[in-house]
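What follows is the residue order along each chain.
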Amino acid sequence: MANCIICGTSTEGPICEVHQEDVAFEFEGDHPSQLTPERYYRGRVDGYADFGVFVDIGNVTGLLHRSKLDRRLESLDWEVGDDVFVQVNNIRDNGDIDLGWSIRQSEREFRGVLVDSPDGDYLADEYHDDGDEGTADEGAADEQTGGSPEETTETEAEPEPEPEYEPEPEQESSADEQSGGTPDDEELAETATNEPESGRQEDSETADIGRIAVEDLREHVGDVVRLEGEVVSARQTSGPTVFELRDETGVVDCAAFVEAGVRAYPDIEADDVVRLDGEVRVRRDEIQVETESLVELEGDAEAAVRTRMDEALEARARPDETELLGDDDALDAVAEEVADAAATIRRAVLESRPVVVRHDATTDGYVAGAAIERAVLPLVESEHATADAVYHYFDRRPLEDGVYDMNDATKDVTRMLGDRERHDEKLPLFVFAAAGSTAASMDGLELLDVYGAPRVVLDGRPADESVAAEIDSLVTTEARTAATVAANVAGAVNDEVREDLGHLPAVSYWNEVPEPYAELAAEAGVDEATAKDLREAIALEAFYQSYEDKRELIVDLLFEKQTGLAEQVAEQFRTKLEAEIDTATANLDERTVDGATVTVLDTDAYTHQYDFPPTRLLLDELRRRLDADVVIGVGTDELHVRTDDALDLEALVAALQLEAPDAGVSDPGAREPKVEFLAGEREAVLDAVVDAVAERALAASA
């Protein structure tokens, strides 16, 4: 038995089952069947095809299909021969290897490197760094792992492997040992036994070093400086431990080295306030600090740092004034709430807290989510130097029916706890756009609250009372779409993208666009016809693979304004919708009750289930087209109501419970009026609903 290199538990090899996906593997086999699915492997780009990228993994070749990429194939910057990291998803019976995308594209982002050989896994005895190869014999490995300097002579020592933190050629290498660098033999002998200084705050008081802000580090390259701030994350690489340190001005990576793959300062964790002394280096045009001393601050010293950071972050997070996108009384009434929500989102980015946007899988939801994404991504990029930060610190995930139920919440909690365990990440800020405002989302929202994950709700409908009491930051209004609310919040989050947002509200209105937003769209070069194409194209794409964010496609449609793409997809939308409308209108059941017309569609019998359009979009379109007071869509055990008049759903449900007491009638808390019941009482419920809504329609028109 051995111990897992990450968690230390007993296991058959160097890595336990739980942490298989946390390390990168180098493949030494010669047949696809020897690969292990779900593992991440180092590969080399072999070539491109129209449908993806071929990647060599040792002695076998797999295909990374374009559908598995997180970006367009044309925008992938890999060259033939580049070292890359991919996940093995599946090995087919014919030997074909299906590969998956990895957002981790450098060795430093994994927690170790192992060799996958036919005889079993073992620790790699040579380390690579983003395509640069290097070797280390036993003597050099001893120096890297703290071996005795007497064991190495000038004739025995070979250069160390090139490190993850590779020094610039013109810089001194006095701190190379800390980052796994390539020191000469004399330096190895002097430093091989050095251990990082650790302890409490008083241990670092002996060094007379001035404190430097992270934003000023580029002016101190080559200097030993002192930083004070909060540890955002600590990740173990095959070489150094990398601490991501945040102060009131920014975030920087700090490398600390004891032995290759061994955790430095194991008592230091995320959220600890620390004082760190180290030398400022530039590597691949990124500022990094080679740690010489790292101590946790306590008591008054900790409190002083936290107070300084909180005050500075609050000042940076809250805009001086909130300028709304247009002259709109409806948004003016909630301008203060807009500013509060924007400050909450900005602060999450500034304190390195991931932002997760959960939005309805509709045009309104996608446009609202895309608005927040457009504002947040540039802020993430400016705060974090690493290229993949936008994938670590921002995510957008659609929701079915705009309801955040326990299934969604459980997935989110499982993921966020796993990220905290594996990467020491903070718990994310959840932003709900065109979602989460109804009582049906309470169970999911409360589960997030159990773990202390902050929540923001942005919607174009008033939130249910239970949600309003539960949510940390809430911005809702009537007679406007959620996308209108979200676009105004996004403009307050990031003023530099304001010009990108002006046309978004107009895209989200199926009926008449409010004048301020029609004008904004026109100023942005989006006329009424183009807005209609965009609206319909996004509605169609939102239906397919509704669990995917479709980031690149949405960017092309909304921000690149590729009108040809929008026209093509919108034409598909109209063709599919018209076909379903024709089927539905031929099978409508029109009922007249005391002069009120109620139109009923049996959605089980006369719609194509699991095909476009979804029931709620079809019923919305029928209501717009038909000369009926009320449109009802009835399924096996649920019933949807569409009417131009205000509908008191609570009163309707109470009346139905009296008329059909055995039907188990209930309000599921959906965003649009919906009633659930027992399938066996379907006809009794339908008759009662028709009578009740007709009576209310007549009363409203009187």
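Residue numbering note: each chain is counted from 1, following its sequence as written. Note on the predicted model: pLDDT of at least 70 is required for a residue's local features to be given, and 80 or more for side-chain atom pairs to be given and counted; whole-chain, interface and lining totals, by contrast, use all residues. As a convention, hydrogens and water are excluded, and side-chain values are obtained from all of the structure's heavy atoms.

**Student:** An account of unusual backbone geometry is needed here, citing residue identities and associated values.
**Tutor:** Geometrically, the link from F612 to P613 is a cis peptide bond, its omega value of 5° lying close to zero. Under the DSSP-based scheme used, a helix requires at least four consecutive residues in state H or I and a strand at least two consecutive residues in state E, with every element numbered from the N terminus. Within the secondary structure, P613 is located in the loop between β22 (596–602) and α19 (615–625).

**Student:** Tell me about the nonpolar core, residues and numbers included.
**Tutor:** Counting 79 residues, the largest nonpolar core has I372, L458, V489 and L558 as its most contacted members. By definition in these notes, contact holds between two residues if any of their heavy atoms fall within 4.5 Å. Excluding residues that lie within four positions of it along the chain, L458 makes contacts with A341, I372, V431, F432, A433, A434, V475, A482, V485, A486 and V489. If you look at the next biggest cluster of nonpolar residues, it comprises 26 residues, including V634, A660, A663 and V685. As used in this record, nonpolar core signifies buried Ala, Val, Leu, Ile, Met, Phe, Trp, Tyr and Cys residues forming a set joined through side-chain atoms within 4.5 Å. A simple rule labels every residue: compare its accessible area, found with a 1.4 Å probe on the protein chains alone, to the largest value its type can have, and call it buried under 20%, exposed over 50%, or partly exposed in between.

**Student:** Explain the pattern of salt bridges residue by residue, including any values.
**Tutor:** When a carboxyl oxygen of Asp or Glu lies within 4 Å of a side-chain nitrogen of Lys or Arg, that pair is called a salt bridge. Tallied over the entire structure, the rule returns 58 salt bridges. A salt bridge links E373 to R396, with the nearest nitrogen and oxygen atoms 3.1 Å apart. Taken together, the positions of E373 in helix α7 (residues 363–383) and R396 in strand β17 (residues 394–399) put the pair 23 residues apart, joining distant regions of the chain.

**Student:** Could you give an account of the packing of helix α6 (residues 335–350) against helix α12 (residues 482–493), with specific residues and numbers?
**Tutor:** Interhelical geometry of α6 versus α12 gives an angle of 55° and a closest axis separation of 8 Å. Of the possible angle classes, the one that applies to α6 and α12 is oblique. The handedness of the crossing between α6 and α12 is right-handed. Residues V338, A341, A342, I345 and R346 of α6 form the contact with α12, whose participating residues are N488, V489, A492 and V493. Each residue gets one label: Ala, Val, Leu, Ile, Met, Phe, Trp, Tyr, Cys and Pro are nonpolar, Asp, Glu, Lys and Arg are charged, and the others, such as Gly, are polar. Class assignment for the residues of the contact of α6 with α12 results in seven nonpolar, one polar and one charged. Orientation is described by lines fitted to C-alpha atoms, with helices fitted over the stretch in contact, and by angles between N-to-C directions that extend from 0 to 180 degrees. Roughly parallel refers to an angle under 35 degrees, roughly antiparallel to one over 145, roughly perpendicular to one between 65 and 115, and oblique to any angle outside these ranges. Here is the rule for handedness: rotate from the far helix to the near one, and if that takes an anticlockwise turn smaller than a right angle the crossing is left-handed, while a clockwise turn gives right-handed.

**Student:** Give a detailed account of the pairing of strand β15 (residues 286–296), specifying residues and quantitative values.
**Tutor:** With nine of its eleven residues buried, β15 lies for the most part within the structure. Two strands qualify as a pair provided that DSSP identifies no fewer than 2 bridges between them. Pairing analysis gives three bridges linking strand β13 (residues 251–256) to β15, with the strands arranged parallel. The residue of β15 that forms the bridge with C254 is V289. Sheet topology note: the strand β14 (residues 273–283)/β15 ladder contains ten bridges and is antiparallel. Bridged to V274 within β15 is E296.

**Student:** So what's going on with the sheet that holds β14? Residues and values would help.
**Tutor:** Read around the barrel, five strands follow the order β11-β12-β13-β15-β14 and close on themselves; strand pairing throughout is mixed. The mean inter-strand angle of the sheet, taken between neighbouring strand axes irrespective of direction, is 55°.

**Student:** Residues and numbers for the sheet that holds strand β21 (residues 589–593), please.
**Tutor:** Spatially, β21-β22-β23-β24-β25 is the arrangement adopted by the five strands of the open sheet, whose pairing is mixed. Since the sheet does not close on itself, it has two edges, and those belong to β21 and β25 (674–676), each with one partner. Across the sheet, the mean angle separating the axes of adjacent strands is 20° when strand polarity is ignored. Summarising the sheet, strand β24 (residues 638–643) and β25 pair through three bridges and their orientation is antiparallel. Counted as the bridge partner of E638 is E676 from β25. Relative to β24, α19 is tilted by about 30°, and along the sheet it contacts β22, β23 (630–634) and β24.

**Student:** So what's going on with the pairing of β24? Residues and values would help.
**Tutor:** Here β24 lies mainly inside the structure; five of its six residues are buried. As judged from the five bridges shared by β23 and β24, these two strands associate in the antiparallel manner. Within the sheet, the bridge partner assigned to I632 lies in β24 and is V641. Between β23 and β24, which follow one another and run antiparallel, lie three residues.

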